[in-house]
Each structure stands twice: as C-alpha cells, then as structure tokens.
Amino acid sequence: MSQQKDSDGIDAGRRRFLGAAGAAVAGGTAAGPAWGGSTFLDAMGSFFQDHYQRMSDEEIADALDRIERRAKRRYGVDITCRDTPPQDGVVFGYALNISKCKGYRDCVSACVRENNQDRGSQMQYIRVLEMPEGTRELEAAEHYYDPETVPVDGHYYLPVQCMQCDDPPCVKACPVEATWMEPDGIVVVDYDWCIGCRYCMTACPYWARHFNWREPQIPAEEINPDTNYLGNRPRPKGVVEKCHFCTQRTREGRQPACQEACPTGARIFGNLLDPNSEIRYVLANKPVFRLKEELGTEPKFWYFTD
C-alpha cells in the first residue's frame, strides 16, 4: 500500500518518524554528535534527504542548514551555504591561451583554496601538463614537473580540468543520477546522492573526476566559508567530486578563482550565449581546438594560441 504524501511531497511516515526523533533529542535520549559526527536528528535528516532535483524549497533550506551545522561541528568554522540557481540566458564556457600559460600553477592553488579541496591527498581539480613542443599527445605529458624555474625550454603548458561537456559521458555512466548538466552548461554533482561507485571516473576521458578515499582534511583557518550546495561546500568521504566552474562565484557574476589567479591572462571565461563576450570573440577569431574532439563529448573548453 502506498504511503500518504503531504503537501511537500514527503512521506507522512517520514515526518512522523523525524518528529519522534526530534522529540527524543529534545528529551535528552539521543543527543550528542555520536551519529557519524552528527546529531541524531541531522543524521536522520540526511538519511531521508531526497535527490536535489526533487527537493522542495523547504527541504533545500533544511539541507543547507544541516551542511552549515556539520561544518561547524567538523571544523569549528561558521560557513554560509547557498543554493544559487543558474542565470537565465547564460551558458558558461572557457578558453585558454596556451601561448600565455607559463606553467606557474597559480590557477591550481587558487582552485584548491576556493573550493575547499582535501589538503591531505593533494586533490586538485586542475592539472597543468608540461608538454614537449610540437605534440598534443597527452601520454607524453609530465604531470609532476618540478624544475627550479618555469617555463622550461622546449616545452609548453596545457592545463586540463573538467571540460563541462555538452554530451557528458560521466552523466550517462552514473547509475543513480547523482550528476547532471545544469541549464548554464555546468555538470554538477549532488554529493549527498553520490554512492561512490566511480563509474563516472571511468567514463570521463579527461581525468576530471576525483574520489575522496578519506575524510577531507582542511585546516580550519583555510576553510572558504562562502559555499554553494552544488559547488564548494565541504564534501564527505566516499564521494566523487569535480570542477564546477566555481558556481558560488560565477552564478553571482564573478569570475572563477582560477581565472582571477592567472598572472598571465591566459584564461578567458564567459557566457557563450552573449555575442559580445570575450570568449565569443576568441571562438570567432582565433584558431581554437578542443581535447579529444573525436569522442563527440562536445567540451565547452577550448584552447588557442596567439
């Protein structure tokens, strides 16, 4: 027999259960952070939380509150977590001028800080490849170059990150629909719905997805408190994460952290639907290419040279 639903679309039985749990906590029978580092009521709220795309405004507000409380318990830091929707008439794209990239990796450091990435595993959404001049063979790249100074003669530098594909194979591979493409072209992840199967990692041809093998380690003083549900909020162990074009910034009219940090002006980010945007100028006037175009993933990330 189907359960009766209330006006918010939540099982009435669920609400009775959570109400009883709340009463138990209020009565002192289940208080304290013993439930996986959470209170009993927050643990149950997370357990019964629906997929992001099916949640009501009230449920999303509750989820954001839980995220903020969890960060406070875990790091001792007050954060703000928002749910910023895509802007109308906007599809984001990226272009990178290889001629200007000198391999400094300032973009990598800025991304790590901005997006609350695990310091212990050195997780990095951006990978800067040192490439021999005259080749685009990614297999010939040096991922871990460490000379005294860069650039190195006879080489150029090719930053790689999530390509925000228009036909993303990672989305097709996810068995629980925890990842999808938003109307602004950003491929996002619902970290509370991801089951950590890593099928998306296998499907991605750009090495752009990363698995949290352990609880992410971030010094409290380095936490970025300005967070977004589909972006840089603290993630748990056992989920896959990726670049999301800094939704906490770009959906509010700012540039992504990697673009702001680039000291040479190699990075160009903007609205592909705006004919007057700089990225549209680049696409119309520069000899651009995309990585692994033959796969048909339709990346929204282009490379060019002067």
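Use the structure listed above.
Each residue is numbered by its place in its chain's sequence as written, counting from 1. Where local features are concerned, this predicted model is filtered to residues with pLDDT of at least 70; where side-chain atom pairs are given and counted, the filter is 80 or more; whole-chain, interface and lining totals use all residues. Hydrogen atoms and water are omitted, and side-chain values are computed over all heavy atoms in the structure.

A. Seen up close, the overall build of the protein. A tally of regular secondary structure across the protein gives nine helices and eleven strands. Per-residue accessibility, obtained with a 1.4 Å probe over protein chains only, is compared with the maximum for each type, and a residue is labelled buried under 20%, exposed over 50%, and partly exposed between these values. With 306 residues in all, the protein has 48% of them scored as buried. Throughout, a residue-residue contact means that at least one pair of heavy atoms, one from each residue, lies within 4.5 Å. The long-range fraction of contacts in the protein, counting pairs at least 24 apart against all pairs at least 6 apart in sequence, stands at 66%. What sets the accessible areas is the Shrake-Rupley method with a 1.4 Å probe; for residues, cover comes only from the shown protein chains. Entry remark: accessible area of the protein is about 14,800 Å², with carbon and sulfur atoms responsible for 50%. Numbering of helices and strands runs from the N terminus; a helix is a DSSP stretch of H or I covering at least four residues, while a strand is a stretch of E covering at least two.

B. Main features of the sheet that holds strand β2 (residues 92-97). At least two DSSP bridges between two strands are required for those strands to pair. The strand order across the open sheet built from three strands is β10-β2-β11, with neighbouring strands paired in mixed fashion. Every other strand in the sheet has two partners, leaving β10 (267-271) and β11 (301-304) as the edge strands with one partner each. Strand-to-strand twist across the sheet, computed as the mean angle between neighbouring axes with direction ignored, equals 20°. One ladder, built from five bridges, connects β2 with β10; its direction is antiparallel. Paired with Ala95 across the bridge in β10 is Ile268. A fitted line through C-alpha atoms represents every axis, and for helices the fit uses only the stretch in contact; the resulting angles, taken between N-to-C directions, go from 0 to 180 degrees. Strands in contact with helix α9 (residues 278-285) are β2, β10 and β11; relative to β10, the strand with the most contacts, it is inclined by about 110°.

C. Spatial organisation of helix α3 (residues 57-75). Expected span of a helix, by definition, is 1.5 Å for each gap between consecutive residues, and there is one gap fewer than residues. For α3, which comprises 19 residues, the first-to-last C-alpha distance of 27 Å matches the rise-based estimate of 27 Å (1.5 Å per residue) to within 8%. Those residues of α3 not exposed but buried are Glu59, Ile60, Ala63, Leu64, Arg66, Ile67, Ala71 and Tyr75. With its buried residues spanning 160° around the axis, α3 presents them on a single face. Buried residues along α3 sit against α2 (40-47) and β1 (80-82). Just beyond α3, the residue with positive phi is Gly76, at close to 70°. The directions from the helix axis to the C-beta atoms are what the arc is built from.

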